[in-house]
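The residues making up each chain are set out below.
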Amino acid sequence: NAGVTQTPKFRILKIGQSMTLQCTQDMNHNYMYWYRQDPGMGLKLIYYSVGAGITDKGEVPNGYNVSRSTTEDFPLRLELAAPSQTSVYFCASSFVTGKVAGANVLTFGAGSRLTVL
Amino acid sequence: GQQVMQIPQYQHVQEGEDFTTYCNSSTTLSNIQWYKQRPGGHPVFLIQLVKSGEVKKQKRLTFQFGEAKKNSSLHITATQTTDVGTYFCAGPGKAAGNKLTFGGGTRVLVKP
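The model shown is predicted, which means the values in this text are computed figures rather than measured ones.

## Let's talk about unusual backbone geometry
Next, step 1: With an omega of -5°, the peptide bond between Thr7 of chain A and Pro8 of chain A qualifies as cis.
Next, step 2: Note that Pro8 of chain A resides in the loop between β1 (4-7) and β2 (10-13).
Next, step 3: The residue after Ile7 of chain B, namely Pro8 of chain B, is reached through a cis peptide bond having omega -5°.
Next, step 4: Look at Asn28 of chain A: it is not a glycine, yet its phi comes out positive at around 60°.
Next, step 5: Tracing the backbone shows Asn28 of chain A in the loop between β3 (19-25) and β4 (31-37).
Next, step 6: Residue classification places Asn28 of chain A among the exposed residues on the basis of a relative accessible area of 55%.
Next, step 7: Its identity as a non-glycine residue notwithstanding, Ala78 of chain B has a phi of 45°, on the positive side.
Next, step 8: With relative accessibility at 34%, the residue Ala78 of chain B sits in the partly exposed group.

Shown next, in the form of structure tokens:
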């Protein structure tokens, strides 16, 4: 099992450019998440998905879009990159059976470091 | 909204010494999880606490969940250089649809 795989590992964007961060998991987890981590800070939830075809906003969704066409893949799209989006982005997944998703352990990918200049 | 706060933000520890880091929530938590992130790495799950007053040990690490289920602590004994990293606590947050809300983390630096 590869777990959660993120690409690219590093990327530099110019202001206004667009890009997609890819995330795939092979653990058949139903929930997937995107977090961002600013330097020296904690993790903030951007978007999450409870299953294929279903996505919802987290705490900091502005400037991002997601889709979940399959169980395995959960790409994060930045349409108009801004310097405030310079961060490390972590994709995570979990297998949720109960009502409270926060009771389930997250498996994280290695992260994608994005710099917007 | 629900907030999860961790103190201290930074912890400089002499190798061999003990220290404790604390996690406090503004609301009662159904459970609390702890993750460790090595420098340049990604968060890795350490442990989950569910019951009021629960104490769990992993070798030199002792985790405790408060009686009111609003706070937690991580105590490390005889700190080693392998303990370097950031320790995050996380609990279900209403602002995030009951998904995990992470504290700001405690960054641990070990002086040999």
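This is not the end of the story, as more comes after the structure.
## Examining the sheet that holds β1 of chain A
All names here are of chain A.
Next, step 1: Spatially, four strands are ordered β1-β3-β8-β7 in an open sheet, and the strand pairing comes out antiparallel. Single-partner strands in this sheet number two, and they are β1 and β7 (64-66). Each strand axis lies, on average, 20° off the axis of its neighbour in the sheet, ignoring direction.
Next, step 2: By the bridge criterion, four bridges tie β1 to β3 in an arrangement that is antiparallel. Bridging from a neighbouring strand, Gln6 pairs with Cys23 of β3.

## A short note on the pattern of salt bridges
Residue and element names in this part refer to chain A.
Next, step 1: Evaluation of the coordinates by the stated rule reveals four salt bridges over all chains.
Next, step 2: A salt bridge links Arg36 to Asp38, with the shortest nitrogen-to-oxygen separation between them at 2.7 Å.
Next, step 3: A relative accessible area of 11% means that Arg36 is categorised as buried.
Next, step 4: Exposure remark for Asp38: the relative accessible area of 28% places this residue in the partly exposed category.

## Here we look at the environment of Ser18 of chain A
Residues and elements named next belong to chain A.
Next, step 1: Examined against the element boundaries, Ser18 turns out to sit in the loop between β2 and β3.
Next, step 2: The sequence separation of Ser18 and Ala82 amounts to 64 residues, and the corresponding C-alpha distance is 9.8 Å.
Next, step 3: Those residues within four positions of Ser18 in sequence are excluded, and the remaining contacts are Leu13, Arg77, Leu78, Glu79 and Leu80.

## With respect to the sheet that holds strand β8 (residues 71-76) of chain B
All names here are of chain B.
Next, step 1: Spatially, the five strands line up as an open sheet ordered β1-β3-β8-β7-β6, and their pairing is antiparallel. Only two strands of the sheet have a single partner each, and these edge strands are β1 (4-7) and β6 (55-58). Strand-to-strand twist across the sheet, computed as the mean angle between neighbouring axes with direction ignored, equals 15°.
Next, step 2: Strand direction decides the pairing type here: β1 and strand β3 (residues 19-25), joined by four bridges, are antiparallel.

## Regarding the environment of Gly104 of chain B
Next, step 1: Along the chain, Gly104 of chain B turns up in the loop between β10 (99-102) and β11 (106-111).
Next, step 2: Between the alpha carbons of Gly104 of chain B and Ser30 of chain B there is a distance of 20 Å; along the sequence they are 74 residues apart.
Next, step 3: Look past the residues within four positions of Gly104 of chain B in its chain and what remains in contact with it is Met41 and Gly42 of chain A together with Val4, Gln6 and Phe88 of chain B.

## Overview of the layout of surface pockets
Gaps between atoms show up when a probe of the same size as a water molecule is rolled over them.
Next, step 1: In this structure, the largest pocket spans a volume of roughly 540 Å³.
Next, step 2: Together, 30 residues line the largest pocket, and Gln37, Val88 and Arg113 of chain A together with Gln37 and Gly40 of chain B are the ones closest to its centre.
Next, step 3: Listed by contribution, the elements that provide at least two residues to the lining of the largest pocket are β9 (87-94) and β11 (112-116) of chain A together with β9 (85-93) and β11 of chain B.
Next, step 4: The element best represented in the lining of the largest pocket is β11 of chain A, accounting for four residues.
Next, step 5: Its residues assigned to classes, the lining of the largest pocket shows 13 nonpolar, twelve polar and five charged.

## What to know about the packing of aromatic side chains
Next, step 1: Scanning all chains against the criterion turns up twelve aromatic pairs over all chains.
Next, step 2: Relative to Phe108 of chain A, the ring of Tyr35 of chain A has its centre 6.0 Å away and its plane inclined at 45°; by these criteria the two rings are tilted. Taken together, the positions of Tyr35 of chain A in strand β4 and Phe108 of chain A in strand β10 (residues 107-108) put the pair 73 residues apart, joining distant regions of the chain. Each of the two residues, Tyr35 of chain A as well as Phe108 of chain A, counts as buried.
Next, step 3: Over the face of the ring belonging to Tyr10 of chain B we find Arg107 of chain B, whose NZ or CZ atom lies 5.9 Å from the ring centre.

Reading guide: rules and limits
- Residues numbered from 1 in each chain as written.
- Chains lettered and ligands numbered in written order.
- Predicted model: local features only at pLDDT ≥ 70, side-chain atom pairs only at ≥ 80, totals over all residues.
- Heavy atoms only, no water.
- Helix = DSSP H or I, 4+ residues; strand = E, 2+ residues; numbered from the N terminus.
- Buried < 20%, exposed > 50% of the residue type's maximum accessible area, 1.4 Å probe, protein only.
- Pairing = 2+ DSSP bridges.
- Axes fitted to C-alpha atoms, helices over the stretch in contact; angles between N-to-C directions.
- Salt bridge = Lys/Arg side-chain N within 4 Å of Asp/Glu carboxyl O.
- Contact = heavy atoms within 4.5 Å.
- 1 Å grid on protein atoms, 1.4 Å probe; cavity = no way out; pocket = protein on both sides within 12 Å on 5 of 7 lines; lining within 4 Å.
- Points joined across faces, edges and corners; volume = space filled by probe spheres on them.
- Nonpolar A, V, L, I, M, F, W, Y, C, P; charged D, E, K, R; others polar.
- Phe/Tyr/Trp six-rings, centres within 6.5 Å; stacked < 30°, edge-to-face > 60°.
- Lys NZ or Arg CZ within 6 Å of the ring centre and 35° of its normal.

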